Amino acid sequence: MPKLLEVNGLVTKFYTEAGVVNAVNGISYSLGEGESMAIVGESGSGKSVSVLSIMGLIPTPPGRVDAGEANFNGRNMLALSTNELRDIRGREMAMVFQDPMTSLNPVLTVGRQLTEALKLHLGMDTNQANQRAAEMLDLVGIPNAEDRLSDYPHQFSGGQRQRIMIAMALSCNPSVLIADEPTTALDVTIQAQIVELVKQLQEKLGMAIIWITHDLALVAGLVEKVVVMYAGYIVEQAPVHDLYKKPLHPYTLGLLHSMPKLDEKDQTRLASIAGLPPDLRQTFNHCPFAPRCPYVIDKCREENPPLMPTGPNRTSACWRWEHIREETGFGVNV
Amino acid sequence: MSQENGNSAFIQVRNLKKHFPILRGVLRRQVGAVQAVDGLTFNIYKGETLGLVGESGCGKSTTGRAILQLLKPTDGQVVFKDQELTKLSGGELRKARRHMQMIFQDPYASLNPRMTVGNIVGEPLEIHNIGNAKNRRKRVQELLKLVGLNPYFVNRYPHEFSGGQRQRIGIARALATNPDFIVADEPISALDVSIQAQVVNLMDDLKSELGLTYLFIAHDLSMVRYISDRVAVMYLGRIVELSDRDQIFEYTLHPYTQALLSAIPIPDPEKEEKRQRLILEGDVPSPANPPSGCRFHPRCSYVTDICREEDPEFRDLGRNGAEHWVACHHAEQFI
């Protein structure tokens, strides 16, 4: 698969009054053309900041991308000017945000919002743009698409608004779609509709997808590879089957064991991860997960583990990944 | 045990309704009603956890609040400890509330930011005149310890705590008056995955330690399967299915429950690939103007003429002494 996006050593910090927050600490990953990948992590893990940095959407100040490069179609996104970025955003790289209630402008019609990017990026006239907008609404499953272009966002339900956001993102045929928790604000039956829609659209249009989420269950049937983030670091990355079958980082393992499984009858006590995520104002010269880790040894408290290859196409940032590979089950029940 | 044989039931809910009026015009005339909860009949047994699930707007939170009389029901009865709660006066109700408490969804909004943790947890004791100042202080420290917080935190303020810790404070407050019954309204939905398990385990431990009965309201079916003894599924103001946890999940009788279960992702790529998804079309209709007949019929794939016209009865199709309540004309075909 030819590489579409390659992120190398990305570092993003927020310089706040309360101190410097190390949001993303030198992460690297790559995405192939038409590939789908998930970035999984809890709040504050840096999953959203890492992609917002690439798109130049970090509020500056206080935020700043301090190091790294992000090569997209042969251009380093982090070195581009605002105008050059604006040209890429929405056209080649599009994004769907978490909250469909607040990401649409309530005083403009849906048609106006859908055609804006078409006119700006593709230079279409009003008629062409309207026609294309109606096609897009139809594609994402909004009935009577043509008539509904003149409706306002409040006339649509939450699930429909997220469909409109997706239509907007895909209208210029981007080569990568970034979906930042697009279903978190929706009910499960509506979430299932949106996930199915994105899957179908990917088959039809062939764009690459980065799906950002906190829900390991959601992406299991959706993507080809998974990147797990914790405290601004990538702690594990692997092809989807390998990751769920045999997680090789204690955090991934802990996350999987702290979720009850819908399809399992005899449920043992949930293995929770003890403690809290760390304060990101510190710099880590130890493993950031060490204070919560049931496998911790002295070395973990002294040296921050780099990502080590643990198998074909997979890496883990744990000194004890070989030990974890030999073991079955989750070590300690806290 | 049947729904109508109330003797063994700890809490009996009968035909509970909560309608919110829709007012229009200068004279604020009532032009309609949002039928948030529309005729619920069920029991909660001593020492059990009854899970109440459904999507947003189905009336599950309203049900919890109407049972505790935090919202005055439009119609129906709630019997708790031989008292008909809907008929109690304000003072009597306050006394009864000592035995039934609530844990709220949002740990950021449900704690007063200007009160110390000690005052927050101790307030119910003051309101109910339990003990003197010194006893109360001791009790507060005990409670904090019970929920896994450091007793020396009494003088701190809510903003000094994380989401999971705040939810523990909310739980300590609910436990302060030694209640028997607790309504937990989505207590973990605002928390991160790794913290959810901590809070659920805590609630489980407290239940067996203190002999509590829970009404656990949630939209996350996998968590509900984990924590509940029995599960009730709500759709648009009605309970559509109610049974033992394993019955519901393995011998699902209502098409809505089937769709809901099928929509939940499983954290296993192999199972996900093999799964046949049943995807519901459309959105939940407005409870101000619910569909005729069976309320689920516009989205149901088994719909027939009778569903459009007749409201299905909530009936017990359980076998071998087990209860399995369902409101569907065609439930027999799923047995």
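Reference entry: report on the structure contained in this document. This structure is a prediction, so every number in the text was calculated from the model and none was measured.

The residue after A:T60, namely A:P61, is reached through a cis peptide bond having omega -20 degrees. Structurally, the position occupied by A:P61 is in the loop between α1 (47–54) and β4 (63–72). The omega angle of the peptide bond from A:P61 to A:P62 is 5 degrees, so this bond is cis rather than trans. Structurally, A:P62 is set in the loop between α1 and β4. The residue B:K81 is not glycine, and still its phi comes out positive at about 55 degrees. Its location among the elements puts B:K81 in the loop between β4 (75–80) and β5 (83–84). Even without being a glycine, B:E186 presents a positive backbone phi close to 45 degrees. The topology assignment puts B:E186 in the loop between β7 (181–185) and α6 (193–210). Overall, the relative accessible area of 7% leaves B:E186 in the buried class.

At the junction of the two partners, chain B supplies 40 residues and chain A supplies 42 residues. Between chain B and chain A lies a buried interface of about 3,800 Å² when both sides are counted; carbon and sulfur atoms form 59% of it. Between chain B and chain A we count one salt bridge in total. Linking A:K245 and B:E270 is a salt bridge whose minimum nitrogen-to-oxygen distance equals 3.2 Å.

Our focus in this paragraph is the nonpolar core. Grouped burial of nonpolar side chains is what soluble globular proteins tend to show. Ranked by internal contacts, the top residues of the largest apolar core, which has 71 residues, are A:L137, A:I166, A:W211, A:V226 and A:Y244. Sorting elements by how many residues they give to this core places helix α6 (residues 158–170) of chain A first, with seven residues. Once residues lying within four places of it in the same chain are set aside, the contact partners of A:L137 are A:V110, A:L114, A:I142, A:A145, A:L149, A:I164 and A:A167. Within the second largest apolar cluster, 64 residues are counted, among which are B:I103, B:L143, B:F216 and B:A218.

What follows covers the sheet that holds β7(B). Residue and element names in this part refer to chain B. In space, the eight strands of this open sheet follow the order β6-β7-β8-β3-β9-β10-β12-β11, with mixed pairing throughout. Whereas interior strands pair on both sides, the edge strands pair on one side only; in this sheet they are β6 (100–103) and β11 (315–316). In terms of strand pairing, β6 meets β7 through four bridges, oriented parallel. In the strand pairing of β7, M100 is matched with F181. Sheet contacts for helix α9 (residues 255–263): β9 (230–235) and β10 (238–244); angle to β9, the most-contacted strand, approximately 100 degrees.

Let's shift gears to the packing of aromatic side chains. For the structure on display, the rule yields twelve aromatic pairs over all chains. Judged by centre distance (4.5 Å) and plane angle (50 degrees), the rings of B:Y235 and B:Y256 are tilted. Of this pair, B:Y235 sits in strand β9 while B:Y256 sits in helix α9, placing them 21 residues apart in sequence. We note that B:Y235, like B:Y256, is buried. Arranged with centres 5.1 Å apart and planes meeting at 85 degrees, the rings of B:Y235 and B:F296 form a pair that is edge-to-face. A residue pair is termed long-range when its members are at least 10 positions apart, and B:Y235 in strand β9 and B:F296 in the loop between α10 (269–274) and α11 (305–309) qualify at 61 residues. The two residues B:Y235 and B:F296 agree in class, both being buried. By way of ring pairs, the aromatic residues A:Y230, A:Y251 and A:F289 are connected into one cluster. Taking NZ or CZ as reference, A:R148 lies 4.0 Å from the ring centre of A:F156, over its face. Here A:K299 stacks its cationic end above the ring of A:W319, 3.9 Å away from the centre of that ring.

Moving on, we come to the side chain of A:D180. All names here are of chain A. On the secondary structure map, D180 appears in strand β7 (residues 176–180). Buried charged residue D180 carries no salt bridge. Nearest counter-charge: K47, at 6.4 Å. Within polar-contact distance, the side chain of D180 engages the side chain of S48 at 3.1 Å. Beyond its immediate chain neighbours, meaning those up to four positions away, D180 contacts S48, M95, V96, F97, Q98 and I212.

Criteria and cut-off values
Residues numbered from 1 in each chain as written. Chains lettered and ligands numbered in written order. Predicted model: local features only at pLDDT ≥ 70, side-chain atom pairs only at ≥ 80, totals over all residues. Heavy atoms only, no water. Helix = DSSP H or I, 4+ residues; strand = E, 2+ residues; numbered from the N terminus. Buried < 20%, exposed > 50% of the residue type's maximum accessible area, 1.4 Å probe, protein only. Contact = heavy atoms within 4.5 Å. Buried area = accessible area lost by both parts, 1.4 Å probe. Salt bridge = Lys/Arg side-chain N within 4 Å of Asp/Glu carboxyl O. Core = buried A, V, L, I, M, F, W, Y, C linked by side-chain atoms within 4.5 Å. Pairing = 2+ DSSP bridges. Axes fitted to C-alpha atoms, helices over the stretch in contact; angles between N-to-C directions. Phe/Tyr/Trp six-rings, centres within 6.5 Å; stacked < 30°, edge-to-face > 60°. Lys NZ or Arg CZ within 6 Å of the ring centre and 35° of its normal. Lys, Arg positive; Asp, Glu negative; His and termini not counted. Polar contact = N/O pair within 3.5 Å; in protein donor to acceptor, adjacent residues only side chain to side chain.

Shape is all these values report; function is a separate question.
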